[in-house]
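Analysis of the macromolecular model
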Amino acid sequence: MIRFATNADHPGLYALWQEAFGDSDEVIRHYFTHRHRNDSMLVHEEAGTIAGMLTMLPAQLQTHRGNLSCRYVYAVATLQSFRRRGISTGLLDAAHAWMRQHGIAASVLAPADRDLINFYQKRGYKTAFYYDTESLPAGDIPPPPEGGAARNVSPADYLQVRNAAFSASGLYVRWNQNAIEFVVNSERAVGSWVLILTTSIGRAVAVCQAWGKGTVRVAELALDGMNAPDAIALIHRHIQANAYQLRLPENVWPGAHRI
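The shown structure was predicted, so the numbers you read here are calculated from the model rather than taken from an experiment. Counting of residues starts from 1 at the beginning of each chain's written sequence and follows it residue by residue. Selection of residues for local features in this predicted model requires a pLDDT of at least 70, selection of side-chain atom pairs for listing and counting requires 80 or more, and totals for whole chains, interfaces and linings are taken over all residues. The basis for every side-chain value is the complete set of heavy atoms in the structure, and neither hydrogens nor water enter the calculation.

**Digging into the packing of aromatic side chains**
Two rings from Phe, Tyr or Trp (for Trp, the six-membered ring) form a pair when their centres are within 6.5 Å of each other. A pair whose planes differ by under 30 degrees is stacked, one over 60 is edge-to-face, and the rest are tilted. Scanning the model with the defined rule gives 14 aromatic pairs in all. Considering the side-chain rings of Y31 and Y74, the 5.9 Å spacing of their centres and the 45° angle between planes classify their relative orientation as tilted. A residue pair is termed long-range when its members are at least 10 positions apart, and Y31 in helix α2 (residues 25-34) and Y74 in strand β4 (residues 66-78) qualify at 43 residues. Categorising residues by exposure relies on relative accessible area from a 1.4 Å probe, with only protein chains included: less than 20% of the type maximum marks a residue as buried, more than 50% marks it as exposed, and the intermediate range marks it as partly exposed. Taking the relative accessible area as the measure of exposure, Y31 reaches 4% and is therefore buried. With a centroid separation of 5.4 Å and 70° between ring planes, the pair formed by Y72 and W175 is classed as edge-to-face. Taken together, the residues Y72 in strand β4 and W175 in the loop between β8 (171-174) and α6 (177-189) connect sequence positions 103 residues apart. Owing to a relative accessible area of 16%, W175 belongs among the buried residues under this scheme. The helix and strand labels rest on DSSP assignments: H or I over at least four residues marks a helix, E over at least two residues marks a strand, and numbering proceeds from the N terminus.

**A few points about the sheet that holds strand β13 (residues 257-258)**
With mixed pairing, 7 strands are arranged side by side in an open sheet as β7-β9-β10-β11-β12-β6-β13. Only two strands of the sheet have a single partner each, and these edge strands are β7 (149-152) and β13. Strand pairing is assigned whenever DSSP identifies at least 2 bridges connecting the two strands. Of the strand pairs in this sheet, strand β9 (residues 193-198) and strand β10 (residues 203-210) are connected by 6 bridges, and their pairing is antiparallel. Bridge pairing links L197 to A204 in β10.

**Let's talk about α6**
Look at α6: 18 Å from first C-alpha to last across 13 residues, which is about the 18 Å you get at 1.5 Å a residue. Those residues of α6 that fall on the buried side of the exposure criterion are A179, I180, F182, V184, S186 and E187. Against the buried residues of α6 lie α2, α5 (155-165), β9 and β10. Residues adjacent in sequence count toward polar contacts only when both atoms are side-chain atoms; beyond that, a polar contact is any pair of N or O atoms within 3.5 Å, and within protein one must be able to donate a hydrogen and the other to accept it. You can read the cap of α6 off the contacts: a side-chain oxygen lies 3.2 Å from the backbone nitrogen of N178, and it is on N176. One fewer than the residue count of a helix, multiplied by 1.5 Å, yields its expected span. Contacts were defined at the residue level, with two residues in contact if any of their heavy atoms lie within 4.5 Å.

**Some details on the layout of surface pockets**
Over the atoms rolls a probe the size of a water molecule, and its path tells where empty space is left. Only protein atoms enter the calculation, which uses a 1 Å grid: trapped sets of points that fit a 1.4 Å probe without letting it out are cavities, open sets showing protein on both sides within 12 Å along at least five of seven lines are pockets, and any residue with an atom within 4 Å of a point is a lining residue. Grid points are joined across faces, edges and corners, and a volume is the space filled by probe spheres set on the points. Approximately 190 Å³ is the volume attributed to the second largest pocket. Lining the second largest pocket, in full, are H34, R35, H36, R37, S40, L57, P58, N176, N178 and A179. Listing elements by their share of the lining of the second largest pocket, those giving two or more residues are β3 (49-63) and α6.

**Thoughts on the pairing of β10**
On a regular strand, each side chain points to the face opposite its neighbour's, so the side chains alternate between the two faces of the sheet. Within β10, 6 of the 8 residues are buried, which leaves it mostly tucked inside the rest of the structure. Counting the residues that bridge the hairpin from β9 to β10 gives 4 residues. Sheet topology note: the β10/strand β11 (residues 215-224) ladder contains 7 bridges and is antiparallel. Each bridged residue has a counterpart across the sheet, and for A204 the counterpart in β11 is L223. Here β10 folds back onto β11, and the loop between the two strands holds 4 residues, one of which, G212, carries a positive phi near 85°.

**A word on the packing of helix α1 (residues 10-21) against α2**
Fitting a line to C-alpha atoms yields each axis, with helices limited to the stretch in contact; the angle taken between N-to-C directions then spans 0 to 180 degrees. At a minimum axis separation of 10 Å, α1 and α2 run at an interaxial angle of 130°. Relative to α2, the element α1 is oriented oblique. The handedness of the crossing between α1 and α2 is right-handed. Counted together, H10, L13, Y14, W17 and Q18 of α1 and D25, I28, R29, Y31 and F32 of α2 form the full contact between these two elements. Each residue is assigned to one class: nonpolar for Ala, Val, Leu, Ile, Met, Phe, Trp, Tyr, Cys and Pro, charged for Asp, Glu, Lys and Arg, and polar for all the others, Gly among them. Tallied by class, residues from the contact of α1 with α2 come to 6 nonpolar, 2 polar and 2 charged. Angular relationships are summarised with four words: roughly parallel below 35 degrees, roughly antiparallel beyond 145, roughly perpendicular across 65 to 115, and oblique for the angles in between. By convention, the crossing between two helices is left-handed when the near helix turns anticlockwise from the far helix through less than a right angle, and right-handed when the turn is clockwise.

This is a description of form; function is not addressed.
Here it is, written out as structure tokens:
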């Protein structure tokens with residue numbers, strides 16, 4: 001049976017989340033306390049067991065024709081002992097039917113790996129967003145721009161800069177301040193740096209995560225009038241890691257690899 005989640009489902013959902021994604025109890029409880037809503041999560045219950053789940057996070061999809069209501073499909077998972085029975089497909093079908101019924105214009109998601117891209121393409125999704133990646137040792141980073149600065153950013157400022165950075169994009173998922181506040185606070189709780197970068201000609205915001213010994217992953221970089229090399233130089237001066245794994249907007253770093 002597919003239905004919306006209830007508070008009584010939470011122990012089963014915690015167990016499924018941990019099995020599927022490997023997060024700690026602390027991380028899972030933080031999500032369910034600050035971000036989860038029962039009326040945004042579908043569950044597949046079978047014989048009293050929560051065998052599958054799918055979250056539909058509310059957002060806005062910015063397009064050249066205006067903003068559209070959308071749902072960001074997140075945390076889709078099936079218990080290992082129930083896999084290969086079509087449970088995730090059934091949850092997606094139910095989610096799409098609910099969105100159509102309630103006038104939601106689009107469903108968007110970001111697959112975690114290439115196998116999942118193939119899975120979702122077979123279920124009607126089309127690739128619309130790309131990002132570039134680059135591995136960068138500290139020795140290859142240029143000096144920071146004169147007068148540039150990096151400091152911790154508030155959720156409100158992060159949202160403002162992020163929206164400005166992507167204001168011209170033909171397709172952009174716009175989050176509200178509560179969603180950004182959750183991300184900023186969650187990243188800081190696990191030791192990430194969430195920064196605003198400024199120069200005389202531009203600004204940027206970045207989420208930078210510890211990523212193995214001596215390496216930092218720049219998980220998001222939103223550039224509003226600033227170029228990517230200056231932003232990375234300011235990040236490096238602030239963090240002083242040995243190497244960086246960059247996850248970048250398209251076409252902002254020559255020679256980067258398209259994903």
